[in-house]
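Residue-level listing of the chains:
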Amino acid sequence: MNQYDPKHIDKALKRMEKSDTLKSIPRPDTNIMSFFNDIEEDKQLNKQKTAAELKKEQYLEKVNSLKKLVKNVGTEDEINRLTAIGALIETTNFLNLKPDRKKILKENMVWCNEIYKQYTNEN
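Conventions we followed
Residues numbered from 1 in each chain as written. Predicted model: local features only at pLDDT ≥ 70, side-chain atom pairs only at ≥ 80, totals over all residues. Heavy atoms only, no water. Helix = DSSP H or I, 4+ residues; strand = E, 2+ residues; numbered from the N terminus. Buried < 20%, exposed > 50% of the residue type's maximum accessible area, 1.4 Å probe, protein only. Contact = heavy atoms within 4.5 Å.

(A) Up close: the environment of Leu105. Note that Leu105 resides in helix H5 (residues 99-122). Take Leu105: its relative accessible area is 4%, and that puts it in the buried class. Measuring from C-alpha to C-alpha, the distance between Leu105 and Ile89 comes to 7.6 Å, with 16 residues separating the pair along the chain. Leave out the neighbours within four places in its chain, and Leu105 touches Leu88, Ile89, Thr92, Phe94 and Leu97.

Have a look at this one:
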């Protein structure tokens, strides 16, 4: 049976101490994966921004097409309200949509749908 050399035992103990020291260092600061996590978060944020901009453009397109329809057969009040709705949509941040702004947008888009149905059923 071989006996352990005390020099090797000391080296092993020092390696274990270094390992314990390395474990105490916070990993997110030193982990290479945190870099990739940041990239993934940026990618998700860009996706959300793109989706928000797309939704904004779709709403504006719908309101503008309805405005063209209403200009021919609608009232001045309806045209003014559609203009106001368009301004509301343009100034709204769809990425960070607050509940009160969301409610206002929803009510106005419901009104737009009702007006659209009213004028398409009459023609």
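(B) Region of interest: the side chain of Glu78. In this structure, Glu78 sits in helix H4 (residues 76-91). Sequence-distant contacts of Glu78, defined by excluding residues within four places in its chain, comprise Val70, Trp111, Ile115 and Tyr119.

(C) Representation of the environment of Thr50 within the structure. Within the secondary structure layout, Thr50 lies in helix H3 (residues 32-73). Judged by its relative accessible area of 54%, Thr50 falls in the exposed class. Placed 45 residues apart in sequence, Thr50 and Leu95 show a C-alpha to C-alpha distance of 9.0 Å.

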